[in-house]
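# Inside the fold
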Amino acid sequence: MVKKFSLEFKQQSVDYLLTNAHLSISELANHLGVGKSTLDKWVRQLAPTKPVEVN
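Here we summarise the structure given alongside this text.

The subject of this paragraph is the packing of helix α1 (residues 7–19) against helix α3 (residues 36–46). Between α1 and α3, the shortest axis-to-axis distance is 9 Å and the interhelical angle comes to 90°. One element, α1, and the other, α3, form an angle in the roughly perpendicular class. The residues of α3 that touch α1, namely those facing Leu7, Phe9, Lys10, Gln11, Ser13, Val14 and Leu17, are Leu39, Trp42, Val43 and Leu46. Residue composition of the contact of α1 with α3, grouped by class: eight nonpolar, two polar and one charged.

So, in C-alpha cells, the structure goes:
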C-alpha cells in the first residue's frame, strides 16, 4: 500500500528536520511516521538551496 502525503505535510516535515538538525534523519523519520529514504528524498526536493553567485 502506497501512502500519499500532501505537499504541505512534506514541507512541514522538511522544515521540522532543518530546525532539529541535532537529531538523525532516522529518528525524525520514525517520529513523523515516514521512511528514512522518503524523508531524505523530500529534503533533496524541498530544502532551500544556497543561491549560486555569478560574477
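Right, picking up where we left off after that structure.
Attention now goes to the packing of aromatic side chains. A complete count under the given rule lists three aromatic pairs for this structure. Taking 5.3 Å as the distance between ring centres and 75° as the angle between the ring planes, the aromatic pair formed by Phe5 and Trp42 counts as edge-to-face. Taken together, the residues span a long stretch of sequence, with Phe5 in the segment before α1 and Trp42 in helix α3 at a distance of 37 residues. On the basis of relative accessible area, Phe5 is assigned to the partly exposed category, the value being 27%. Since its relative accessible area comes to 2%, Trp42 is described here as buried. Geometrically, the ring pair formed by Phe9 and Trp42 is edge-to-face, given 5.9 Å between the ring centres and 90° between the ring planes.

What follows covers the side chain of Asn20. Relative to the helices and strands, Asn20 resides in the loop between α1 and α2 (25–32). By relative accessible area, Asn20 is classed as buried at 15%. Within the local environment of Asn20, its side chain forms a polar contact with the side chain of Thr19, the two groups lying 3.4 Å apart.

For the rest of this paragraph, the subject is α1. Between its first and last C-alpha, α1 extends 18 Å over 13 residues, near the 18 Å set by a 1.5 Å rise per residue. Here α1 has its buried residues at Ser13, Val14 and Leu17. Along the axis of α1, the buried residues cluster in a sector spanning 95°; they form a single face. The outward face of α1, more than 90 degrees from its buried face, is lined by the exposed residues Glu8 and Thr19. Tucked into the core, α1 has its buried residues touching α2 and α3.

Cut-offs used in this document
In every chain, residue numbers begin from 1 and rise along the written sequence. Under the rules for a predicted model, residues below a pLDDT of 70 receive no local features and side-chain atom pairs below 80 are neither given nor counted, while totals for whole chains, interfaces and linings still include all residues. Each side-chain value is derived from all of the structure's non-hydrogen atoms; neither hydrogens nor water enter the calculation. Angles run from 0 to 180 degrees between N-to-C directions of axes, and those axes are lines fitted to C-alpha atoms, restricted for helices to the stretch in contact. The secondary structure listing takes helices from DSSP runs of H or I that are at least 4 residues long and strands from runs of E that are at least 2 residues long, numbered from the N terminus. Should an angle fall under 35 degrees it is taken as roughly parallel, and over 145 as roughly antiparallel, whereas 65 to 115 is taken as roughly perpendicular and any remaining angle as oblique. Any pair of residues with heavy atoms lying within 4.5 Å of one another is described as a contacting pair. Gly is put with the polar residues, along with every residue not named as nonpolar or charged; the nonpolar set is Ala, Val, Leu, Ile, Met, Phe, Trp, Tyr, Cys and Pro, and the charged set is Asp, Glu, Lys and Arg. The rule is short: rings of Phe, Tyr and Trp, with Trp giving its six-membered ring, pair when the centres are within 6.5 Å, and they are stacked under 30 degrees, edge-to-face over 60, tilted in between. Only protein chains enter the area calculation, which uses a 1.4 Å probe; residues under 20% of their type maximum are buried, those over 50% are exposed, and those in between are partly exposed. Two N or O atoms form a polar contact when they lie within 3.5 Å of each other; inside protein one atom must be a possible hydrogen donor and the other a possible acceptor, and for residues adjacent in sequence the pair counts only when both atoms belong to side chains. Here the expected span of a helix is defined as 1.5 Å times the quantity of residues minus one. Directions are taken from the helix axis to each C-beta atom, and the arc is the one they span.

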